[in-house]
Structure formats: structure tokens, C-alpha cells
Amino acid sequence: MPTPTGEHLRVPTPTGEHLRVPTPTGEHLRVPTPTGEHLRVLFDATAIPADRGGVGRYVESVVAELVLAGVPLAVVCQPRDRAWFEAAGVTRVIEIAGWGGRASGRLLWEQLALPGIARRAGARAIHSPHYTFPVFTRRARIVTVHDLTFFSAPEVHGLMKRVFFRSWIRAAKLARATVVTPSQTTADEYVRVTGAPATRVFAAPLGYDSSVFHPPTPAEVERFEASLERPVPAGWIAFLGTLEPRKNVSALVRGYVGATKARPPAERPALLIAGGAGWDETVAGTVSEALEAGFDIRMLGYLPLEKVRSLLGGSLLTAYPSLGEGFGLPVLEAMACGSCVLTTRRLSLPEVGGAAVSYTDVDSASIAEALARLLDSPSERAELGLAGRSRAARFTWAACAARHVLAYRSALGLPGSATASDTPGMAGDSREETA
């Protein structure tokens, strides 16, 4: 469990007792402790990229907390990640080898080789944390479905990607897999779209690493500013996320121009856009137009985590006008860093931000109006920054891992295992609160 200092205590509990884990609602979830060898799970971490975006941080954080909770995990991973999982306390780490380690061969490896690895590892279940899973295996399967925007917002995905992920999402239902989602909104969407029984779907709201995501010191912010190509005397608006269509970055750029065009150039904040290159082909042209018109927009690319805290916490505000999220980890991380956050009411985002963030519609005019209002109101930004930190503290990786334990027990049919509906306050009550 995390201590007030951000460290963790390894507290063994006798079999049959319950762990009391704080939830995003402020209540506590009673989770049966792992039953030793009966909860043997193989965690397939081979799909996470070298640059730890949202899915990578989810995998690493959940695995670390499951180890602390006493779950006897075996982890299969890329060779580059072996040392990290060993350092996290995983007692059995298996490297993927040969053709399976290449992106082009991983899916075939998953179907042909992974079941055999699970058998040799003595695993009773396989957890596949990114949509796809081995179809032919006698072991229980747990699958993480991160979002349902392939159904709710198909226009933001390419045709092949849409067909691929829709097929696997439906396949999880047909395979009677136990499904983990990062929010109650996504759990509800999964049940609605697939018709799967709600008892097989477990919402496990994500958390954040408080040792990384917390308000930066003035010295850290100064070092971050110094690392930029040129000064930002009027401060900055931050964006963090992969540049894909559903992140709505082009509308953000146009909204930023609309919100700041009446200000003298010396008083305009910059717009700092951080995140890995995606497949939104409209962003480059929109940014070029704004730059030619004299606006200060910086494309920072992928940032290492040690700089993300300063990007978010040192900003005037963080803007995340997404068209839809399965959770919205950048919103949570910005809140944890003390940033005032502007986001949308699409899908799960109000479940994360509650009344501690400001909201906008997704069109550029609405974004411009919301940005201008916040830029003109330092007191509102400060109030939301404090409220965001308080709300973010409710979301922990320990609570997320506890929900995974419940999902594992349910998938394995262990005595006394809870169902998804046994703990409705875990995520459902964390949706947007009224002020």
C-alpha cells in the first residue's frame, strides 16, 4: 500500500482476510486477499511500447501493485523490459524471443506460443492487457478493453484499425472472457455494445504515480523553460497526448488562436503540444497556418516523464479537448500536478474530472471561449488547480490493482470471489459531481 511518503509497505495478510483499499469515492473496497497458488496468472506485457504512454504506464503500475498485493504473477515481456519487471518484484519474468518479438509477428505468437508459455509457467489464467488475447486455450482469460470509441466515434479511427479492434472487442464477449475496463463509463459501453453480462466486466479506474506526478518546484519549472528553444515570457497552455484524431488537436490550435488573437503578441501564452506522433494528418497544416500568423505553438514530441510534471504543473492551464476517452489519464496526471484542466464531457472524462475541472464543447469556437475565460481568471485557475489535486488523490494504482484481483478471482471461479456488481461504488460513484 502507498504510504504518505509515496513509498510502499509490503504487508502480508493471512489467507481469508480482506484488504481495505480506498476508492475514488473516498470509500474503501474490501478485497479478498490472494489465495497463493490458486491465483497464478500470466501477464502478457509484450505489446507495450518502449515509450511509456498511457497503456505502458498502466501495465507497469498495475503489475507493481499486484506484486505488492501478493498475486503470484508471471510476466512475459520484451527483452528490453525484463530488468524493470524484475526490479518490481516479479519472481518469474519470461522474455519473448525471435519472430514473436517483432510487431509483425506478435499477434501470431500470441495465438501459437503464448498458451504453451502459460502452461509451462503453471498459470491458471492469462491476462492480455490490450484488446487481443489467445483464442485457443483452456486457461481463463482476462482482457483489458481500454475504450469503445471504435463504436461510439468510428470516424476518428482508420477503417482497418476500426475493423480490427471491433472484431477483438466482440470476440472477448464470444470467448466469455472476463473484461477489465479503465472506467465505469467504458464498462457500461462494453455491456451495451456487445451484450456481455455485466457480471463479467470489472471497471478498474486508473491511478497515477505520486512520486512522478505532483506539483513541480519552481526550480524544476525553470529548468524546463530553459530546455525550450526560446523563452515563454507569457507562460503556456499545455497539451499532452498522442496526436490522433480523437484528441482534437487541430480544434485546440484554432481555439487557441481565437482565444489569444486580441492580446498583444508579447502577452500571448504559448501553446506547448507534447506527445508521440500519431496519425492525425490535419495537425501539421493547422499548426503551420497559426505559426505563419504569428502565434507561438511548439511541437515538443514525446517527453520523458521527468519533464511532463513541469510541462503540466508549470502551465497556466492544461487543455485536453478530446472527442472521447476510455479514461483520460492525461487529465488525471495534470490534476495531480496542480494544473487547471480544461476538457470535454465526452464519455469517461467527467468520471475523472468531476467538478474539479472546467468543460468545453469540442468545436474550436467553444474551446476559444473557454480558454479566454480561464486565461482572464487567475483565481478560477488557482481554485481548479487545488480542487484537481484533491480529486486526483482518490485515484490510486492500489485501488486499480484491487479491482484486477477481483476480476482474476471471478475468472477463476475462486470461492468467495466478488462479481463486478458487488462493488458498485468503485467507479460508478466517481462520475461528475455537481458543484
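Refer to the structure presented above.
Residues numbered from 1 in each chain as written. Predicted model: local features only at pLDDT ≥ 70, side-chain atom pairs only at ≥ 80, totals over all residues. Heavy atoms only, no water.

Secondary structure summary: the protein contains 16 helices and 15 strands in total. Counting over 435 residues, the protein shows a buried share of 55%. Restricting to contacts in the protein with at least 6 residues of sequence separation, those with at least 24 account for 67%. As presented, the protein carries roughly 18,000 Å² of accessible surface, and 54% of it is formed by carbon and sulfur atoms. (Helix = DSSP H or I, 4+ residues; strand = E, 2+ residues; numbered from the N terminus. Buried < 20%, exposed > 50% of the residue type's maximum accessible area, 1.4 Å probe, protein only. Contact = heavy atoms within 4.5 Å. Areas by Shrake-Rupley, 256 points an atom, 1.4 Å probe, with all protein chains shown as cover.)

This part takes up the sheet that holds strand β12 (residues 297–301). Ordered in space as β12-β11-β10-β13-β14-β15, the six strands form an open sheet in which the pairing is parallel. Across the chains shown, the open sheet's two edge strands, defined by having one partner strand only, are β12 and β15 (358–359). Against the sheet, helix α11 (residues 305–313) engages β10 (236–240), β11 (270–274), β12 and β13 (317–320), with an angle of about 135° to β10. (Pairing = 2+ DSSP bridges. Axes fitted to C-alpha atoms, helices over the stretch in contact; angles between N-to-C directions.)

Turning to the environment of Y131, a few remarks are in order. Of note, Y131 is situated in the loop between β6 (125–128) and β7 (140–144). Apart from the residues within four sequence positions on either side, Y131 is in contact with V143, T144, V145, H146, D147, F150, F165, W168 and I169. At 3.4 Å, the side chain of Y131 forms a polar contact with the backbone nitrogen of H146. Polar side-chain contacts of Y131 include one of 3.0 Å to the backbone nitrogen of D147. (Polar contact = N/O pair within 3.5 Å; in protein donor to acceptor, adjacent residues only side chain to side chain.)

Our next topic: the pattern of salt bridges. Counted by the stated rule, this structure contains 16 salt bridges. Between E325 and R246 there is a salt bridge whose closest N-O contact spans 3.7 Å. Residue E325 is found in the loop between β13 and α12 (329–336), and its partner R246 is found in the loop between β10 and α9 (249–260); the two are separated by 79 residues along the sequence. R246 shares its class with E325; the two are buried. (Salt bridge = Lys/Arg side-chain N within 4 Å of Asp/Glu carboxyl O.)

Relative to the helices and strands, T186 is located in helix α7 (residues 184–194). In this structure T186 comes out as buried when scored by relative accessible area, which is 4%. Beyond its immediate stretch of four places on either side in the chain, T186 contacts V145, H146, D147, L148, T181, E325 and G326.

In this structure, V63, F85, W236, L311, L317, L371 and Y408 are the most contacted members of the largest nonpolar core, which totals 96 residues. By residue number, the principal contributor to this core is helix α16 (residues 397–412), which donates eight residues. (Core = buried A, V, L, I, M, F, W, Y, C linked by side-chain atoms within 4.5 Å.)

This part takes up the sheet that holds strand β8 (residues 178–181). As summarised here, the arrangement of the seven strands in space is β5-β4-β3-β6-β7-β8-β9, forming an open sheet in which the pairing is parallel. Two strands lie at the open edges of the sheet, namely β5 (92–95) and β9 (201–203), each paired on one side alone. Across the sheet, the axes of successive neighbouring strands diverge by a mean angle of 20°, strand direction being ignored. Across three bridges, the pairing between β7 and β8 is parallel. When the bridges of β8 are listed, V143 appears paired with V179.

This next bit is on the pairing of strand β4 (residues 73–77). For β4, the tally of buried residues reaches five of five residues, placing the bulk of the element in the interior. By the alternation rule, side chains of β4 split into L73, V75 and C77 and A74 and V76, which are all buried. As paired elements, strand β3 (residues 41–44) and β4 share four bridges and run parallel to each other. Following the sheet pairing, F43 is matched in β4 by V75. One crossover worth recording links β3 to the parallel β4 by way of helix α1 (residues 54–68), and it is right-handed. (Right-handed = clockwise from strand over helix to strand, strands pointing away.)

What follows covers the packing of aromatic side chains. Evaluation of the coordinates by the stated rule reveals eleven aromatic pairs. Here the aromatic rings of F133 and W168 are separated by 5.2 Å at their centres, their planes lie at 80°, and the arrangement is edge-to-face. Residue F133 is located in the loop between β6 and β7, and its partner W168 is located in helix α6 (residues 159–174); the two are separated by 35 residues in the primary sequence. Overall, F133 belongs to the buried group, its relative accessible area being 1%. Taking the relative accessible area as the measure of exposure, W168 reaches 13% and is therefore buried. Plain terms: the ring middles of F224 and W236 are 5.5 Å apart, the flat faces sit at 55° to each other, and that makes the pair tilted. Note that F224 is positioned in helix α8 (residues 218–227) and W236 in strand β10, a separation of twelve residues in sequence. As far as burial versus exposure is concerned, F224 and W236 are alike and both buried. An aromatic cluster is present here, built from Y131, F133, F150, F164, F165 and W168 joined pairwise through their rings. Between R268 and the ring centre of F295, over which it is positioned, the NZ or CZ distance is 4.3 Å. The side chain of R345 reaches across the aromatic face of Y359, ending 4.3 Å from its centre. (Phe/Tyr/Trp six-rings, centres within 6.5 Å; stacked < 30°, edge-to-face > 60°. Lys NZ or Arg CZ within 6 Å of the ring centre and 35° of its normal.)

Another point: α8. Those residues of α8 that sit buried are E220, V221 and F224. Projected onto a plane normal to the axis of α8, the buried residues spread over an arc of 100° and lie on a single side. In α8, the exposed residues that point more than 90 degrees away from the buried face are P218, E222, R223 and A226. (Arc of directions from axis to C-beta.)

Notably, Y131 is not glycine yet its phi reads approximately 75°, a positive angle. Despite not being glycine, N248 has its phi angle at roughly 65°, a positive value. In this structure, N248 sits in the loop between β10 and α9. What makes N248 buried here is its relative accessible area of 11%.

With that settled, consider the packing of helix α14 (residues 364–375) against helix α15 (residues 378–392). At a minimum axis distance of 6 Å, the contact between α14 and α15 shows a crossing angle of 95°. Considering their axes alone, α14 and α15 lie roughly perpendicular with respect to each other. Between α14, through R373, L374 and L375, and α15, the contact on the second element is made entirely by P378, E380, R381 and L384. (Parallel < 35°, antiparallel > 145°, perpendicular 65-115°, else oblique.)

So far we have only geometry, and geometry alone does not tell us how the molecule works.
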